[in-house]
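A look at the structure
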Amino acid sequence: MTRSEHPPTGERFVAFDLNDTDREQAGLHGHTIEELSDYLDRGRTPADPSIDDSPECEIALRSLERLRRVQLNLLDSDLSRESARDDSWVSSILDNISREAHRGREIPLAHPSPTARLVVTEGAVRGILRETGDRMANIIVGRCVLVGDVEVPGMPVTVQVDVTIFQGENIPMMADRLRQLMFAALQQYTELVVAAIDITVRDLYVEPDAAAAPKGE
Amino acid sequence: MTVLTPATEQLDELVRGVQGVDALYPAGSIVENALITAAREMAHRPPAASMVATEQRADGLRVTAKIGIGAAESSGDVCRRVHDAIDAQLRQSGNSPIAQIAVIVARIG
Amino acid sequence: MPTTAREQITSPLDMASDQTLADRAADGDLRAFEVLVRRYGALMRVYATRVLGSNDETDDVVQESFITAWQQLRTLEDGSAVKSWLMRIVSRKSIDRLRARRPHINIDDMDAPAPESHAPHVLAEVESQTEALSRVLAALPEDQRRCWTLRELAEYSYGDIAAEVDLPVSTVRGLLARARKTLLREMEEWR
(Lines give C-alpha, C1' and ligand atoms only; values in the text may rest on other atoms or scores of the structure.)
Protein backbone atom coordinates (compact mmCIF):
# COMPACT_ATOMS: atom_id res chain seq x y z
CA MET A 1 0.00 0.00 0.00
CA THR A 2 1.50 3.25 -1.13
CA ARG A 3 -0.53 5.13 1.41
CA SER A 4 1.61 3.81 4.21
CA GLU A 5 4.57 5.75 2.81
CA HIS A 6 3.32 8.56 4.97
CA PRO A 7 2.96 6.85 8.29
CA PRO A 8 0.88 9.22 10.36
CA THR A 9 0.97 7.05 13.43
CA GLY A 10 0.74 8.95 16.64
CA GLU A 11 -0.30 12.15 14.97
CA ARG A 12 -3.51 13.54 16.27
CA PHE A 13 -6.48 14.15 14.13
CA VAL A 14 -7.11 17.80 13.51
CA ALA A 15 -9.76 18.89 15.98
CA PHE A 16 -11.49 21.40 13.78
CA ASP A 17 -14.43 23.60 14.51
CA LEU A 18 -17.64 21.82 13.55
CA ASN A 19 -19.01 24.97 11.98
CA ASP A 20 -15.96 26.16 10.14
CA THR A 21 -15.74 24.51 6.74
CA ASP A 22 -12.80 26.66 5.71
CA ARG A 23 -10.72 25.39 8.60
CA GLU A 24 -11.86 21.87 7.91
CA GLN A 25 -10.75 22.09 4.29
CA ALA A 26 -7.53 23.81 5.23
CA GLY A 27 -6.75 20.94 7.57
CA LEU A 28 -7.68 18.27 5.02
CA HIS A 29 -5.87 19.37 1.90
CA GLY A 30 -8.97 21.03 0.51
CA HIS A 31 -11.30 18.15 1.31
CA THR A 32 -14.03 17.67 3.88
CA ILE A 33 -14.83 14.83 6.24
CA GLU A 34 -17.96 14.21 4.22
CA GLU A 35 -15.93 13.75 1.02
CA LEU A 36 -13.48 11.46 2.77
CA SER A 37 -16.30 9.43 4.22
CA ASP A 38 -17.87 9.02 0.76
CA TYR A 39 -14.44 8.08 -0.59
CA LEU A 40 -14.19 5.31 1.99
CA ASP A 41 -17.73 4.18 1.16
CA ARG A 42 -16.61 3.78 -2.45
CA GLY A 43 -13.70 1.63 -1.33
CA ARG A 44 -11.23 4.42 -2.21
CA THR A 45 -11.96 4.01 -5.88
CA PRO A 46 -11.38 5.57 -8.27
CA ALA A 47 -8.14 6.52 -6.56
CA ASP A 48 -7.89 10.23 -5.83
CA PRO A 49 -4.23 11.25 -5.50
CA SER A 50 -5.13 14.54 -3.86
CA ILE A 51 -6.55 12.44 -1.01
CA ASP A 52 -4.19 9.48 -1.10
CA ASP A 53 -1.08 11.65 -1.15
CA SER A 54 -2.11 13.90 1.69
CA PRO A 55 -0.86 12.89 5.15
CA GLU A 56 -3.63 14.96 6.73
CA CYS A 57 -6.27 13.12 4.75
CA GLU A 58 -4.59 9.84 5.59
CA ILE A 59 -4.88 10.58 9.28
CA ALA A 60 -8.52 11.49 8.87
CA LEU A 61 -9.20 8.38 6.77
CA ARG A 62 -7.62 6.20 9.42
CA SER A 63 -9.75 7.85 12.04
CA LEU A 64 -12.84 7.26 9.94
CA GLU A 65 -11.88 3.63 9.47
CA ARG A 66 -11.30 3.25 13.15
CA LEU A 67 -14.67 4.81 13.85
CA ARG A 68 -16.21 2.34 11.46
CA ARG A 69 -14.52 -0.59 13.21
CA VAL A 70 -15.74 0.57 16.58
CA GLN A 71 -19.22 0.98 15.10
CA LEU A 72 -19.15 -2.60 13.88
CA ASN A 73 -17.96 -3.81 17.27
CA LEU A 74 -20.70 -1.85 18.93
CA LEU A 75 -23.29 -3.36 16.62
CA ASP A 76 -21.89 -6.83 17.28
CA SER A 77 -22.01 -6.43 21.02
CA ASP A 78 -25.49 -4.88 20.87
CA LEU A 79 -26.64 -7.80 18.75
CA SER A 80 -25.19 -10.46 20.97
CA ARG A 81 -26.73 -8.81 24.01
CA GLU A 82 -30.13 -8.68 22.32
CA SER A 83 -29.84 -12.25 21.08
CA ALA A 84 -29.09 -13.44 24.61
CA ARG A 85 -32.31 -11.97 25.95
CA ASP A 86 -35.03 -14.26 27.12
CA ASP A 87 -37.70 -15.12 24.66
CA SER A 88 -40.67 -13.38 26.22
CA TRP A 89 -40.63 -10.54 23.72
CA VAL A 90 -41.01 -13.02 20.86
CA SER A 91 -44.00 -14.61 22.57
CA SER A 92 -45.55 -11.27 23.25
CA ILE A 93 -45.32 -10.32 19.59
CA LEU A 94 -46.80 -13.61 18.43
CA ASP A 95 -49.59 -13.43 20.99
CA ASN A 96 -50.58 -10.02 19.72
CA ILE A 97 -51.01 -10.74 16.06
CA SER A 98 -54.22 -11.95 14.60
CA ARG A 99 -54.75 -14.70 12.09
CA GLU A 100 -57.78 -12.79 10.88
CA ALA A 101 -55.66 -10.74 8.50
CA HIS A 102 -54.89 -13.83 6.45
CA ARG A 103 -58.16 -15.70 6.26
CA GLY A 104 -58.50 -15.05 2.55
CA ARG A 105 -61.50 -16.06 0.48
CA GLU A 106 -64.25 -18.45 1.53
CA ILE A 107 -64.32 -21.77 -0.26
CA PRO A 108 -67.80 -23.31 -0.21
CA LEU A 109 -68.68 -26.81 1.00
CA ALA A 110 -71.95 -28.34 -0.20
CA HIS A 111 -75.06 -28.86 1.87
CA PRO A 112 -78.58 -29.67 0.69
CA SER A 113 -80.21 -27.11 2.98
CA PRO A 114 -80.77 -23.71 1.34
CA THR A 115 -80.07 -21.96 4.65
CA ALA A 116 -76.69 -23.61 5.11
CA ARG A 117 -73.52 -21.68 4.32
CA LEU A 118 -70.56 -23.96 4.88
CA VAL A 119 -67.07 -22.79 3.99
CA VAL A 120 -63.41 -23.45 4.59
CA THR A 121 -61.22 -20.36 4.48
CA GLU A 122 -58.47 -20.01 1.92
CA GLY A 123 -56.08 -19.32 4.80
CA ALA A 124 -56.90 -22.69 6.36
CA VAL A 125 -56.37 -24.46 3.04
CA ARG A 126 -53.04 -22.75 2.40
CA GLY A 127 -52.06 -23.70 5.93
CA ILE A 128 -52.76 -27.38 5.41
CA LEU A 129 -51.00 -27.34 2.04
CA ARG A 130 -47.87 -26.00 3.76
CA GLU A 131 -48.27 -28.60 6.49
CA THR A 132 -48.43 -31.28 3.85
CA GLY A 133 -45.11 -30.14 2.45
CA ASP A 134 -43.58 -29.75 5.90
CA ARG A 135 -44.30 -33.38 6.67
CA MET A 136 -42.02 -34.38 3.81
CA ALA A 137 -38.28 -34.36 4.44
CA ASN A 138 -35.83 -32.24 2.46
CA ILE A 139 -38.34 -29.90 0.91
CA ILE A 140 -39.53 -26.50 2.10
CA VAL A 141 -42.80 -25.16 0.77
CA GLY A 142 -42.97 -21.42 0.15
CA ARG A 143 -45.93 -19.54 -1.25
CA CYS A 144 -49.14 -21.42 -2.06
CA VAL A 145 -51.61 -19.67 -4.32
CA LEU A 146 -55.08 -20.86 -5.28
CA VAL A 147 -55.69 -19.49 -8.76
CA GLY A 148 -59.28 -19.32 -9.98
CA ASP A 149 -62.67 -18.53 -8.63
CA VAL A 150 -62.58 -20.68 -5.52
CA GLU A 151 -65.78 -19.10 -4.23
CA VAL A 152 -67.90 -20.62 -7.00
CA PRO A 153 -68.50 -24.37 -6.61
CA GLY A 154 -67.33 -26.45 -9.54
CA MET A 155 -64.99 -23.86 -11.07
CA PRO A 156 -61.63 -25.43 -11.92
CA VAL A 157 -58.82 -24.17 -9.76
CA THR A 158 -55.07 -24.27 -10.22
CA VAL A 159 -52.69 -24.41 -7.27
CA GLN A 160 -49.29 -22.75 -7.60
CA VAL A 161 -46.65 -23.77 -5.12
CA ASP A 162 -43.08 -22.54 -4.70
CA VAL A 163 -40.64 -24.93 -3.11
CA THR A 164 -37.02 -25.17 -2.07
CA ILE A 165 -35.55 -28.65 -2.46
CA PHE A 166 -32.42 -29.85 -0.76
CA GLN A 167 -29.52 -30.42 -3.08
CA GLY A 168 -29.04 -34.06 -4.01
CA GLU A 169 -32.73 -34.92 -4.02
CA ASN A 170 -34.46 -36.22 -7.11
CA ILE A 171 -36.43 -33.14 -8.04
CA PRO A 172 -39.09 -34.68 -10.31
CA MET A 173 -39.75 -37.43 -7.77
CA MET A 174 -40.03 -34.97 -4.89
CA ALA A 175 -42.35 -32.75 -6.91
CA ASP A 176 -44.56 -35.70 -7.87
CA ARG A 177 -44.81 -36.88 -4.32
CA LEU A 178 -45.69 -33.41 -3.07
CA ARG A 179 -48.27 -33.01 -5.82
CA GLN A 180 -49.94 -36.28 -4.84
CA LEU A 181 -50.04 -35.39 -1.15
CA MET A 182 -51.37 -31.92 -1.83
CA PHE A 183 -53.99 -33.29 -4.17
CA ALA A 184 -55.12 -35.72 -1.47
CA ALA A 185 -55.25 -32.88 1.07
CA LEU A 186 -57.36 -30.74 -1.24
CA GLN A 187 -59.74 -33.67 -1.70
CA GLN A 188 -60.02 -34.17 2.02
CA TYR A 189 -60.43 -30.57 3.09
CA THR A 190 -62.12 -28.90 0.15
CA GLU A 191 -64.57 -29.67 -2.61
CA LEU A 192 -62.52 -27.76 -5.16
CA VAL A 193 -62.16 -29.03 -8.69
CA VAL A 194 -58.38 -29.05 -8.96
CA ALA A 195 -57.24 -28.69 -12.57
CA ALA A 196 -53.52 -28.70 -11.78
CA ILE A 197 -50.95 -28.30 -9.05
CA ASP A 198 -48.01 -26.42 -10.49
CA ILE A 199 -44.85 -26.78 -8.46
CA THR A 200 -41.99 -24.37 -9.06
CA VAL A 201 -38.61 -25.22 -7.60
CA ARG A 202 -37.40 -21.77 -6.69
CA ASP A 203 -34.24 -22.72 -4.90
CA LEU A 204 -31.90 -25.56 -4.19
CA TYR A 205 -30.93 -25.66 -0.57
CA VAL A 206 -27.23 -26.34 -0.15
CA GLU A 207 -26.38 -27.72 3.27
CA PRO A 208 -23.84 -25.39 4.81
CA ASP A 209 -20.79 -27.28 5.99
CA ALA A 210 -20.14 -27.47 9.70
CA ALA A 211 -17.73 -24.55 9.71
CA ALA A 212 -20.10 -22.24 7.91
CA ALA A 213 -23.13 -23.36 9.87
CA PRO A 214 -24.88 -20.67 11.85
CA LYS A 215 -23.94 -20.48 15.48
CA GLY A 216 -26.05 -22.64 17.76
CA GLU A 217 -28.16 -21.04 20.45
CA MET B 1 -75.40 -6.41 16.90
CA THR B 2 -75.38 -9.72 18.62
CA VAL B 3 -78.72 -10.58 20.11
CA LEU B 4 -78.68 -13.21 22.79
CA THR B 5 -81.29 -15.86 22.31
CA PRO B 6 -81.97 -18.49 24.91
CA ALA B 7 -80.14 -21.06 22.84
CA THR B 8 -76.96 -19.06 22.27
CA GLU B 9 -74.87 -20.16 25.18
CA GLN B 10 -75.69 -23.77 24.66
CA LEU B 11 -74.54 -23.47 21.04
CA ASP B 12 -70.88 -23.06 22.06
CA GLU B 13 -71.09 -26.26 24.06
CA LEU B 14 -72.96 -28.01 21.32
CA VAL B 15 -70.44 -27.14 18.58
CA ARG B 16 -67.45 -28.01 20.74
CA GLY B 17 -69.00 -31.41 21.28
CA VAL B 18 -69.35 -32.24 17.59
CA GLN B 19 -67.01 -34.98 16.44
CA GLY B 20 -64.01 -33.57 14.55
CA VAL B 21 -64.23 -30.05 16.02
CA ASP B 22 -60.87 -29.18 17.57
CA ALA B 23 -61.35 -25.52 18.32
CA LEU B 24 -64.02 -22.87 18.39
CA TYR B 25 -63.21 -19.26 17.46
CA PRO B 26 -65.20 -16.06 17.99
CA ALA B 27 -67.40 -15.77 14.93
CA GLY B 28 -68.56 -12.17 15.07
CA SER B 29 -67.67 -9.71 12.35
CA ILE B 30 -64.02 -8.74 12.05
CA VAL B 31 -64.74 -5.33 13.52
CA GLU B 32 -66.69 -6.85 16.36
CA ASN B 33 -63.85 -9.29 17.05
CA ALA B 34 -61.35 -6.46 17.06
CA LEU B 35 -63.47 -4.69 19.65
CA ILE B 36 -63.69 -7.83 21.73
CA THR B 37 -59.93 -8.30 21.49
CA ALA B 38 -59.32 -4.68 22.43
CA ALA B 39 -61.70 -4.95 25.36
CA ARG B 40 -60.02 -8.15 26.44
CA GLU B 41 -56.59 -6.57 26.26
CA MET B 42 -57.75 -3.64 28.33
CA ALA B 43 -59.46 -5.77 30.90
CA HIS B 44 -56.99 -8.68 30.81
CA ARG B 45 -59.79 -11.16 30.96
CA PRO B 46 -61.59 -13.35 28.47
CA PRO B 47 -64.64 -11.90 26.77
CA ALA B 48 -68.02 -12.82 28.10
CA ALA B 49 -69.44 -12.98 24.59
CA SER B 50 -70.10 -16.43 23.21
CA MET B 51 -68.08 -17.82 20.34
CA VAL B 52 -70.97 -18.80 18.15
CA ALA B 53 -72.56 -15.61 16.84
CA THR B 54 -76.29 -15.26 16.53
CA GLU B 55 -78.12 -12.40 14.97
CA GLN B 56 -81.84 -11.85 14.66
CA ARG B 57 -82.80 -10.21 11.40
CA ALA B 58 -86.09 -9.51 9.71
CA ASP B 59 -85.82 -12.70 7.66
CA GLY B 60 -84.98 -14.85 10.66
CA LEU B 61 -82.10 -16.00 12.80
CA ARG B 62 -78.55 -16.06 11.50
CA VAL B 63 -76.03 -18.24 13.28
CA THR B 64 -72.29 -18.34 12.55
CA ALA B 65 -69.78 -20.80 14.01
CA LYS B 66 -66.07 -20.60 13.26
CA ILE B 67 -64.20 -23.81 13.94
CA GLY B 68 -60.87 -25.58 13.72
CA ILE B 69 -60.83 -29.24 12.74
CA GLY B 70 -58.42 -32.10 13.26
CA ALA B 71 -56.11 -33.08 10.42
CA ALA B 72 -57.70 -36.53 10.21
CA GLU B 73 -61.11 -35.06 9.46
CA SER B 74 -62.85 -34.03 6.27
CA SER B 75 -63.86 -30.35 6.29
CA GLY B 76 -67.12 -31.09 4.53
CA ASP B 77 -68.14 -33.85 6.92
CA VAL B 78 -67.35 -31.87 10.08
CA CYS B 79 -69.04 -28.76 8.72
CA ARG B 80 -72.17 -30.67 7.85
CA ARG B 81 -72.23 -32.29 11.29
CA VAL B 82 -71.89 -28.90 12.98
CA HIS B 83 -74.58 -27.44 10.78
CA ASP B 84 -76.97 -30.28 11.40
CA ALA B 85 -76.38 -30.18 15.17
CA ILE B 86 -77.10 -26.43 15.31
CA ASP B 87 -80.10 -26.81 13.06
CA ALA B 88 -81.58 -29.59 15.22
CA GLN B 89 -80.96 -27.63 18.41
CA LEU B 90 -82.61 -24.48 17.09
CA ARG B 91 -85.62 -26.34 15.82
CA GLN B 92 -85.94 -28.23 19.07
CA SER B 93 -85.84 -25.09 21.18
CA GLY B 94 -88.52 -23.54 19.00
CA ASN B 95 -86.56 -20.53 17.77
CA SER B 96 -87.78 -18.15 15.12
CA PRO B 97 -87.31 -19.10 11.46
CA ILE B 98 -83.72 -19.86 10.48
CA ALA B 99 -82.35 -17.54 7.79
CA GLN B 100 -78.84 -18.95 7.75
CA ILE B 101 -76.51 -21.28 9.56
CA ALA B 102 -72.92 -20.56 8.57
CA VAL B 103 -70.06 -22.84 9.54
CA ILE B 104 -66.54 -21.64 8.78
CA VAL B 105 -63.50 -23.88 8.94
CA ALA B 106 -60.78 -21.39 9.85
CA ARG B 107 -58.08 -23.86 10.72
CA ILE B 108 -57.14 -27.43 9.89
CA GLY B 109 -54.82 -29.62 11.93
CA MET C 1 -50.73 -19.27 31.29
CA PRO C 2 -47.00 -19.21 31.85
CA THR C 3 -45.27 -16.49 29.91
CA THR C 4 -41.98 -18.33 29.79
CA ALA C 5 -40.08 -18.82 26.61
CA ARG C 6 -41.77 -20.71 23.87
CA GLU C 7 -40.11 -23.96 23.14
CA GLN C 8 -37.68 -23.46 20.34
CA ILE C 9 -37.90 -26.34 17.97
CA THR C 10 -35.35 -26.60 15.25
CA SER C 11 -37.36 -26.99 12.11
CA PRO C 12 -36.40 -26.87 8.45
CA LEU C 13 -37.93 -23.42 8.47
CA ASP C 14 -34.94 -22.16 10.42
CA MET C 15 -32.92 -22.89 7.31
CA ALA C 16 -35.43 -21.39 4.90
CA SER C 17 -34.51 -18.33 2.88
CA ASP C 18 -35.93 -14.91 3.65
CA GLN C 19 -37.96 -15.20 0.50
CA THR C 20 -39.59 -18.47 1.56
CA LEU C 21 -40.28 -17.20 5.06
CA ALA C 22 -41.72 -13.91 3.83
CA ASP C 23 -43.92 -15.73 1.29
CA ARG C 24 -45.22 -18.15 3.87
CA ALA C 25 -45.80 -15.45 6.45
CA ALA C 26 -47.67 -13.43 3.81
CA ASP C 27 -49.85 -16.51 3.33
CA GLY C 28 -50.59 -16.46 7.06
CA ASP C 29 -47.96 -18.89 8.37
CA LEU C 30 -47.26 -17.89 11.94
CA ARG C 31 -44.34 -20.30 12.27
CA ALA C 32 -42.53 -18.74 9.33
CA PHE C 33 -43.23 -15.33 10.81
CA GLU C 34 -41.77 -16.44 14.12
CA VAL C 35 -38.54 -17.44 12.37
CA LEU C 36 -38.37 -13.95 10.84
CA VAL C 37 -39.00 -12.41 14.25
CA ARG C 38 -36.10 -14.39 15.66
CA ARG C 39 -33.88 -13.76 12.66
CA TYR C 40 -34.22 -9.97 12.57
CA GLY C 41 -35.80 -9.04 15.89
CA ALA C 42 -32.46 -8.52 17.63
CA LEU C 43 -31.20 -6.20 14.90
CA MET C 44 -34.46 -4.28 14.99
CA ARG C 45 -34.20 -3.95 18.76
CA VAL C 46 -30.64 -2.65 18.51
CA TYR C 47 -31.71 -0.24 15.86
CA ALA C 48 -34.76 1.07 17.71
CA THR C 49 -32.75 1.49 20.90
CA ARG C 50 -30.14 3.54 19.06
CA VAL C 51 -32.66 5.77 17.35
CA LEU C 52 -34.64 6.31 20.52
CA GLY C 53 -31.53 6.89 22.57
CA SER C 54 -32.68 4.49 25.27
CA ASN C 55 -34.34 1.11 25.52
CA ASP C 56 -37.42 2.24 27.44
CA GLU C 57 -39.67 2.03 24.42
CA THR C 58 -37.82 -0.59 22.42
CA ASP C 59 -40.21 -3.41 23.26
CA ASP C 60 -43.22 -1.38 22.20
CA VAL C 61 -41.68 -0.12 18.99
CA VAL C 62 -40.43 -3.52 17.88
CA GLN C 63 -43.71 -5.17 18.75
CA GLU C 64 -45.68 -2.56 16.80
CA SER C 65 -43.29 -3.01 13.90
CA PHE C 66 -43.85 -6.74 13.72
CA ILE C 67 -47.61 -6.39 14.03
CA THR C 68 -47.55 -3.94 11.12
CA ALA C 69 -45.29 -6.28 9.19
CA TRP C 70 -47.65 -9.19 9.72
CA GLN C 71 -50.59 -7.17 8.48
CA GLN C 72 -48.79 -5.77 5.46
CA LEU C 73 -46.58 -8.62 4.35
CA ARG C 74 -48.83 -9.29 1.39
CA THR C 75 -47.85 -5.90 0.00
CA LEU C 76 -44.18 -6.86 -0.05
CA GLU C 77 -43.50 -7.87 -3.63
CA ASP C 78 -40.00 -9.23 -3.24
CA GLY C 79 -39.82 -11.49 -0.21
CA SER C 80 -36.03 -11.60 -0.39
CA ALA C 81 -36.03 -7.91 0.56
CA VAL C 82 -37.85 -8.60 3.82
CA LYS C 83 -34.90 -7.57 5.99
CA SER C 84 -34.65 -4.04 4.63
CA TRP C 85 -38.44 -3.83 4.59
CA LEU C 86 -38.53 -4.68 8.29
CA MET C 87 -35.78 -2.16 9.01
CA ARG C 88 -37.80 0.47 7.21
CA ILE C 89 -40.85 -0.29 9.32
CA VAL C 90 -38.94 -0.17 12.59
CA SER C 91 -37.21 3.06 11.65
CA ARG C 92 -40.53 4.65 10.77
CA LYS C 93 -42.05 3.50 14.06
CA SER C 94 -39.02 4.74 15.98
CA ILE C 95 -39.18 8.12 14.31
CA ASP C 96 -42.90 8.33 15.03
CA ARG C 97 -42.08 7.76 18.68
CA LEU C 98 -39.54 10.54 18.65
CA ARG C 99 -42.04 12.89 17.06
CA ALA C 100 -44.67 11.94 19.61
CA ARG C 101 -42.21 12.60 22.39
CA ARG C 102 -41.25 16.02 21.21
CA PRO C 103 -44.20 18.00 22.61
CA HIS C 104 -43.34 16.73 26.07
CA ILE C 105 -39.60 17.12 26.18
CA ASN C 106 -37.40 18.80 23.67
CA ILE C 107 -34.42 16.55 23.61
CA ASP C 108 -32.19 19.08 21.90
CA ASP C 109 -32.81 21.58 24.65
CA MET C 110 -32.27 19.11 27.40
CA ASP C 111 -28.86 19.51 28.93
CA ALA C 112 -29.38 17.70 32.19
CA PRO C 113 -28.58 13.98 32.03
CA ALA C 114 -25.64 14.27 29.68
CA PRO C 115 -22.78 14.85 32.09
CA GLU C 116 -21.16 11.71 30.70
CA SER C 117 -20.52 13.47 27.41
CA HIS C 118 -18.13 15.75 29.27
CA ALA C 119 -16.70 12.90 31.23
CA PRO C 120 -13.08 13.21 32.32
CA HIS C 121 -10.42 11.43 30.32
CA VAL C 122 -9.92 8.99 33.12
CA LEU C 123 -13.32 7.56 32.41
CA ALA C 124 -12.52 7.35 28.70
CA GLU C 125 -9.54 5.19 29.52
CA VAL C 126 -11.41 2.63 31.52
CA GLU C 127 -14.43 2.26 29.32
CA SER C 128 -14.16 0.28 26.17
CA GLN C 129 -14.26 2.02 22.83
CA THR C 130 -17.67 0.58 22.08
CA GLU C 131 -19.02 1.87 25.36
CA ALA C 132 -17.54 5.24 24.57
CA LEU C 133 -19.11 5.28 21.13
CA SER C 134 -22.41 4.29 22.63
CA ARG C 135 -22.19 7.17 25.08
CA VAL C 136 -21.26 9.72 22.44
CA LEU C 137 -24.03 8.51 20.17
CA ALA C 138 -26.60 8.87 22.92
CA ALA C 139 -25.42 12.43 23.47
CA LEU C 140 -25.74 13.43 19.80
CA PRO C 141 -28.61 15.76 18.93
CA GLU C 142 -31.61 13.72 17.99
CA ASP C 143 -31.70 14.57 14.27
CA GLN C 144 -28.02 13.69 13.87
CA ARG C 145 -28.41 10.43 15.73
CA ARG C 146 -31.39 9.49 13.64
CA CYS C 147 -29.53 10.09 10.37
CA TRP C 148 -26.45 8.31 11.64
CA THR C 149 -28.45 5.27 12.69
CA LEU C 150 -30.30 5.06 9.40
CA ARG C 151 -27.02 5.32 7.55
CA GLU C 152 -24.78 3.09 9.63
CA LEU C 153 -27.16 0.51 11.10
CA ALA C 154 -29.93 0.33 8.54
CA GLU C 155 -27.57 1.05 5.62
CA TYR C 156 -29.89 3.55 3.99
CA SER C 157 -28.77 5.69 1.07
CA TYR C 158 -28.70 9.46 1.56
CA GLY C 159 -31.80 9.75 -0.59
CA ASP C 160 -33.67 7.13 1.44
CA ILE C 161 -32.75 8.86 4.68
CA ALA C 162 -33.98 12.17 3.30
CA ALA C 163 -37.30 10.59 2.35
CA GLU C 164 -37.58 8.90 5.71
CA VAL C 165 -36.91 11.92 7.90
CA ASP C 166 -38.55 14.34 5.50
CA LEU C 167 -35.56 16.64 5.01
CA PRO C 168 -33.62 17.71 1.92
CA VAL C 169 -30.69 15.45 0.99
CA SER C 170 -28.31 18.36 1.52
CA THR C 171 -29.53 18.74 5.10
CA VAL C 172 -29.13 15.02 5.69
CA ARG C 173 -25.58 15.14 4.39
CA GLY C 174 -24.87 18.08 6.65
CA LEU C 175 -26.30 16.30 9.71
CA LEU C 176 -24.33 13.16 8.96
CA ALA C 177 -21.13 15.13 8.46
CA ARG C 178 -21.65 16.84 11.79
CA ALA C 179 -22.38 13.56 13.51
CA ARG C 180 -19.22 12.02 12.08
CA LYS C 181 -17.08 14.97 13.01
CA THR C 182 -18.37 14.88 16.55
CA LEU C 183 -17.75 11.14 16.77
CA LEU C 184 -14.26 11.53 15.32
CA ARG C 185 -13.40 14.31 17.68
CA GLU C 186 -14.67 12.43 20.71
CA MET C 187 -12.87 9.32 19.56
CA GLU C 188 -9.59 11.16 19.64
CA GLU C 189 -10.02 11.31 23.40
CA TRP C 190 -10.26 7.55 23.76
CA ARG C 191 -6.76 6.67 22.74
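Reading the values: rules and limits
Residues numbered from 1 in each chain as written. Chains lettered and ligands numbered in written order. Predicted model: local features only at pLDDT ≥ 70, side-chain atom pairs only at ≥ 80, totals over all residues. Heavy atoms only, no water. Pairing = 2+ DSSP bridges. Helix = DSSP H or I, 4+ residues; strand = E, 2+ residues; numbered from the N terminus. Axes fitted to C-alpha atoms, helices over the stretch in contact; angles between N-to-C directions. Contact = heavy atoms within 4.5 Å. Core = buried A, V, L, I, M, F, W, Y, C linked by side-chain atoms within 4.5 Å. Buried < 20%, exposed > 50% of the residue type's maximum accessible area, 1.4 Å probe, protein only. Phe/Tyr/Trp six-rings, centres within 6.5 Å; stacked < 30°, edge-to-face > 60°. Lys NZ or Arg CZ within 6 Å of the ring centre and 35° of its normal. Buried area = accessible area lost by both parts, 1.4 Å probe. Salt bridge = Lys/Arg side-chain N within 4 Å of Asp/Glu carboxyl O. Polar contact = N/O pair within 3.5 Å; in protein donor to acceptor, adjacent residues only side chain to side chain. Nonpolar A, V, L, I, M, F, W, Y, C, P; charged D, E, K, R; others polar.

Things to note about the sheet that holds strand S3 (residues 139-147) of chain A
Residue and element names in this part refer to chain A. Strand order in the open sheet formed by three strands is S3-S4-S5, and the pairing between neighbours is mixed. The outermost strands of the open sheet, each flanked by one partner alone, are S3 and strand S5 (193-205). Neighbour to neighbour, the strand axes of the sheet diverge by 20 degrees on average, direction disregarded. The sheet contact formed by S3 and strand S4 (residues 156-166) spans seven bridges and is antiparallel. What sits directly across from Leu146, in S4, is Val159. This element, helix H6 (residues 122-134), spans S3 and S4 of the sheet and lies at about 150 degrees to S3. Where helix H7 (residues 171-189) meets the sheet, it contacts S3, S4 and S5, and its direction lies at approximately 140 degrees from that of S5.

Re the nonpolar core
Membership of the largest hydrophobic core comes to 77 residues, with the highest contact counts inside it found for Phe33(C), Phe66(C) and Leu73(C). If you tally residues by element for this core, the top one is helix H2 (residues 30-52) of chain C, at 13 residues. Look past the residues within four positions of Leu73(C) in its chain and what remains in contact with it is Ala22(C), Ala25(C), Ala26(C), Phe33(C), Val82(C) and Trp85(C). Ranked by size, the runner-up nonpolar core spans 52 residues in total, among them Leu90(B), Ile98(B), Val103(B) and Ile108(B).

Observations regarding the packing of aromatic side chains
One pass over the full model with this rule turns up three aromatic pairs over all chains. Relative to Tyr205(A), the ring of Phe166(A) lies with its centre 4.7 Å away and its plane at 45 degrees, an arrangement referred to as tilted. Remark: Tyr205(A) occurs in strand S5 and Phe166(A) occurs in strand S4; sequence separation between them is 39 residues. Given the relative accessible area of 8%, Phe166(A) is considered buried. The buried category is assigned to Tyr205(A), whose relative accessible area is 15%. Aromatic ring contacts, followed pair by pair, group Phe33(C), Phe66(C) and Trp70(C) into a single cluster. Seen from the ring of Tyr156(C), Arg88(C) lies directly overhead, with NZ or CZ sitting 5.0 Å from the centre. Over the ring of Tyr158(C) we find Arg151(C), and its NZ or CZ is 4.5 Å from the ring centre.

Remarks on the interface of chain C and chain A
Contacts between chain C and chain A engage 63 residues on the former and 58 residues on the latter. For the pair chain C and chain A, the summed buried surface comes to about 5,800 Å²; carbon and sulfur atoms form 55% of the total. In terms of surface lost to chain A, no three residues of chain C exceed Asp27(C), Lys181(C) and Leu184(C), which account for 12% of the buried area on that side. If you look at where chain C meets chain A, you find 14 salt bridges. For the pair chain C and chain A, the number of links is 20 residue pairs in polar contact (both at pLDDT 80 or more).

Details of the interface of chain B and chain A
Each partner contributes residues to the interface: chain B has 27 residues there, and chain A has 22 residues. Both sides together, the interface formed by chain B and chain A hides about 1,900 Å², and carbon and sulfur atoms give 51% of it. Where chain B touches chain A, the interface holds one salt bridge. When the shortest N-O distance is used, the salt bridge between Arg80(B) and Glu191(A) registers 3.1 Å. The element that contributes the greatest number of residues to the side of chain B that touches chain A is strand S4 (residues 98-108) of chain B, accounting for 11 residues. Here the side of chain B that touches chain A is built from residues that sort into 14 nonpolar, seven polar and six charged. Looking at chain direction, strand S2 (residues 116-121) of chain A and S4(B) are connected through five bridges and run parallel. Looking at S4(B), one finds that Ala116(A) is bridged to Ile101(B).

Here we look at the environment of Ile95(C)
Residues and elements named next belong to chain C. Counting through the fold element by element, Ile95 comes out in helix H4 (residues 82-101). The class for Ile95 is buried, based on a relative accessible area of 2%. Linking Ile95 and Asp143, residues 48 residues apart in sequence, is a C-alpha distance of 9.9 Å. Apart from residues lying up to four places away in sequence, Ile95 is in contact with Arg146, Leu150, Glu164 and Val165.

So, the side chain of Thr58(C)
Mapped onto the elements of the fold, Thr58(C) is located in helix H3 (residues 58-72). Engagement of the side chain of Thr58(C) in a polar contact is seen with the side chain of Thr49(C), the distance being 2.9 Å.

Considering helix H6 (residues 129-139) of chain C
Two residues of an α-helix separated by three or four positions point the same way, owing to the 3.6 residues in each turn. Residues of H6(C) that are buried: Thr130(C), Ala132(C), Leu133(C), Arg135(C), Val136(C) and Leu137(C). Looking at the buried positions of H6(C), the neighbouring elements they touch are helix H4 (55-83) of chain A together with H2, helix H7 (142-152) and helix H9 (169-188) of chain C.

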